[in-house]
Amino acid sequence: MHRPVLTLMVALGIGTAACQQPVMAQETMATPAAAVEARETPGKKVAIFAGGCFWGIEAVFSHLKGVSSVVSGYHGGEKKTAAYELIDSGKTGHAESVRVTYDPAVIRYDQLLRVFFAVGANPTQLNYQGPDHGTQYRNALVPLSIEQKAVAAGYLAQLKRLDLWKQPIVTAVEPYKAFYPAEEYHQDFAAKNPDHGYIRRWDAPKVRALKAMFPDLYKTAFTRN
């Protein structure tokens, strides 16, 4: 469940809830390269991922080469409920998500998937990630093309065969509805608030793991919107 908004948001006068303070960082997983690589046409592409609190997922993808934009937002519900104080109820159908713009000539969709499952989200946790519970924290892939859909299904099947987590994978492949950017104070949150308690204990370890596990894909600079 959520706790009251953390000190920084209180100072800003934002009367809403925030991602819950964790007890410990989530484990990483040495995910394999995809058996089938994505074959996307030249030019920038967009993909959507839901993996719990969007602060950390945004931070991970923002440190990848070839990624030019990562926007935190909401996917799965209606426009009228695409607001943080509403989706926090877990009853809107929305999931906290990120919209990633990338260049497939630098980083392919299947590589984004590999990173997502390695350091971003635990695919065995149904309607929660770590300390954050509710359908708004479900982990899901939202393909935006036929190619992405095929690659996502193939990679999930590959991970299930390998049984790396020793528990059932529950990550869903959801059809695209609409993506609604989250409030401005959520955007680039980890970059703006590196000393925030949640970021230090939950999300900074993900970025450090990304650097250690994927040195060829990692970039030091944070992709700001």
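Here, every reference points to the structure presented above.
Residues numbered from 1 in each chain as written. Predicted model: local features only at pLDDT ≥ 70, side-chain atom pairs only at ≥ 80, totals over all residues. Heavy atoms only, no water.

**Notes on the pattern of salt bridges**
By the definition in use, this model includes 5 salt bridges. Residue E78 is joined to K80 by a salt bridge in which the shortest nitrogen-to-oxygen separation is 3.7 Å. We note a salt bridge from E174 to R138, for which the minimum N-O separation is 2.6 Å. Linking E174 in the loop between β9 (172-173) and β10 (179-181) with R138 in the loop between β7 (132-133) and β8 (139-142), this pair joins segments that are 36 residues apart in sequence. With respect to burial, E174 and R138 carry one shared label: buried. Shared partners join several salt bridges into a network, and the residues in it are E37, R108 and D110. (Salt bridge = Lys/Arg side-chain N within 4 Å of Asp/Glu carboxyl O. Helix = DSSP H or I, 4+ residues; strand = E, 2+ residues; numbered from the N terminus. Buried < 20%, exposed > 50% of the residue type's maximum accessible area, 1.4 Å probe, protein only.)

**Quick look at the environment of V98**
Within the element layout of this structure, V98 appears in strand β5 (residues 95-102). Remark: the alpha-carbon pair of V98 and F179, spanning 81 residues in sequence, is separated by 8.8 Å. Leave out the neighbours within four places in its chain, and V98 touches A47, I48, F49, F54, I57, E58, F61, V70, V71, S72 and F179. (Contact = heavy atoms within 4.5 Å.)

**Notes on the side chain of Q129**
When you line up the elements, Q129 lands in strand β6 (residues 128-129). A polar contact of 2.8 Å, which involves the side chain of Q129, links it to the backbone oxygen of N122. (Polar contact = N/O pair within 3.5 Å; in protein donor to acceptor, adjacent residues only side chain to side chain.)

**Remarks on a nonpolar patch on the surface**
Side chains of V46, L144 and Y176 sit close together on the surface and give an oily, nonpolar patch of about 240 Å² of accessible area. Classification of Y176 by relative accessible area gives partly exposed; the value is 44%. (Patch = residues over 30% accessible without salt bridge, like charges linked within 9 Å, V, L, I, M, F, W, Y side chains within 5 Å. Areas by Shrake-Rupley, 256 points an atom, 1.4 Å probe, with all protein chains shown as cover.)

**Quick notes on the nonpolar core**
F49, F61, L64, Y109, L112 and L141 are the most contacted members of the largest nonpolar core, which has 58 residues in total. Contact partners of F49, with chain neighbours within four places excluded, come to F61, S97, V98, V100, Y109, L112, L113, F116, A140 and L141. (Core = buried A, V, L, I, M, F, W, Y, C linked by side-chain atoms within 4.5 Å.)

**Details of the sheet that holds strand β4 (residues 67-75)**
Remark on secondary structure: sheet strands pair via backbone hydrogen bonds, oriented parallel or antiparallel. Strand order in this open sheet of 6 strands is β9-β8-β3-β5-β4-β10, and the pairing throughout is mixed. Of all the strands in the sheet, just β9 and β10 have a single pairing partner and so form its edges. Inspection of the sheet shows strand β3 (residues 45-51) paired to β8 by 4 bridges, in the antiparallel sense. By the bridge assignment, A50 is partnered in β8 with A140. Each of β3, β4 and β5 is contacted by helix α2 (residues 54-62), which is oriented at about 165 degrees to β4, the strand it contacts most. Strands in contact with helix α5 (residues 146-162) are β3, β5, β8 and β9; relative to β8, the strand with the most contacts, it is inclined by about 145 degrees. (Pairing = 2+ DSSP bridges. Axes fitted to C-alpha atoms, helices over the stretch in contact; angles between N-to-C directions.)

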